[in-house]
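# Inside the fold
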Amino acid sequence: MAEAGQKAGLVTEEAGQFRDSLPDGGALLGLDLGTKTIGIALCDAGWRFATAGNTLPKAKFSRDKASIEEICKSRNVAGIVIGLPLNMDGSAGPRVQASRAFARNLAVLGLPILLWDERWSTAAAERDMIAMDTSRASRAQKIDSHAAAVILQGAIDRLAGGIL
């Protein structure tokens, strides 16, 4: 983690650049930035499996940062993957700008950050939760953390596969 006076972490949309900034392996944190909540997912140090974690209620950035920093410290996170909500045609709308700003502000933690295309992540997470016979109410509470796991799994598949 960056202390006062230390350099902020890398923020990139390039998987290769992100991979080069990481040590060999190490746990990664996945974030799905919803309008009301932040979905959390984590992967193992070998980048094999992403697992949905908690869903944090979105608050002021300082509180969100403190919560994310605590997770990073307690789980020895080496890097962060944040979903980038591009439009279906690949263009950037207001939510993309908000995600990029969140990533730039979160860079003070000193960890590399990858902005990862999250198109279809929520739909994939919902489809998987329906297949597991998850109730509608439970899906509503957990969808952002499951979407974070879909985002993180896509990124680690790319990173671990070496196709950058």
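Use the structure listed above.
Being a predicted model, the structure only gives us computed values, none of them experimental.

Basis of the calculations
- Residues numbered from 1 in each chain as written.
- Predicted model: local features only at pLDDT ≥ 70, side-chain atom pairs only at ≥ 80, totals over all residues.
- Heavy atoms only, no water.
- Phe/Tyr/Trp six-rings, centres within 6.5 Å; stacked < 30°, edge-to-face > 60°.
- Helix = DSSP H or I, 4+ residues; strand = E, 2+ residues; numbered from the N terminus.
- Buried < 20%, exposed > 50% of the residue type's maximum accessible area, 1.4 Å probe, protein only.
- Polar contact = N/O pair within 3.5 Å; in protein donor to acceptor, adjacent residues only side chain to side chain.
- Contact = heavy atoms within 4.5 Å.
- Pairing = 2+ DSSP bridges.
- Axes fitted to C-alpha atoms, helices over the stretch in contact; angles between N-to-C directions.

### Things to note about the packing of aromatic side chains
For the structure on display, the rule yields one aromatic pair. Geometrically, the ring pair formed by phenylalanine 61 and phenylalanine 102 is edge-to-face, given 5.3 Å between the ring centres and 80° between the ring planes. One end of the pair, phenylalanine 61, is in helix 2 (residues 61-74); the other, phenylalanine 102, is in helix 3 (residues 94-106), and 41 residues separate them in sequence. The class for phenylalanine 102 is buried, based on a relative accessible area of 7%.

### Remarks on the side chain of threonine 12
Take threonine 12: it is sitting in strand 1 (residues 11-12). A distance of 2.6 Å separates the side chain of threonine 12 from the side chain of glutamine 17, its partner in a polar contact. When sequence neighbours within four positions are dropped, the list of residues in contact with threonine 12 reads Gln17, Phe18, Ile113, Leu114 and Leu115.

### Observations regarding the sheet that holds strand 4 (residues 50-57)
Here we have six strands laid out as an open sheet, ordered 1-6-5-2-3-4, and mixed in their pairing. Lying at the two open borders of the sheet, with one neighbouring strand each, are strand 1 and strand 4. Of the strand pairs in this sheet, strand 2 (residues 27-33) and strand 3 (residues 37-43) are connected by five bridges, and their pairing is antiparallel. Its bridge partner lying in strand 3, leucine 33 is registered against isoleucine 38. Together, strand 1, strand 2, strand 3, strand 5 (77-84) and strand 6 (113-117) form the strand contacts of helix 3, whose direction differs from that of strand 5 by roughly 165°.

Purely geometric numbers; function is a separate question.
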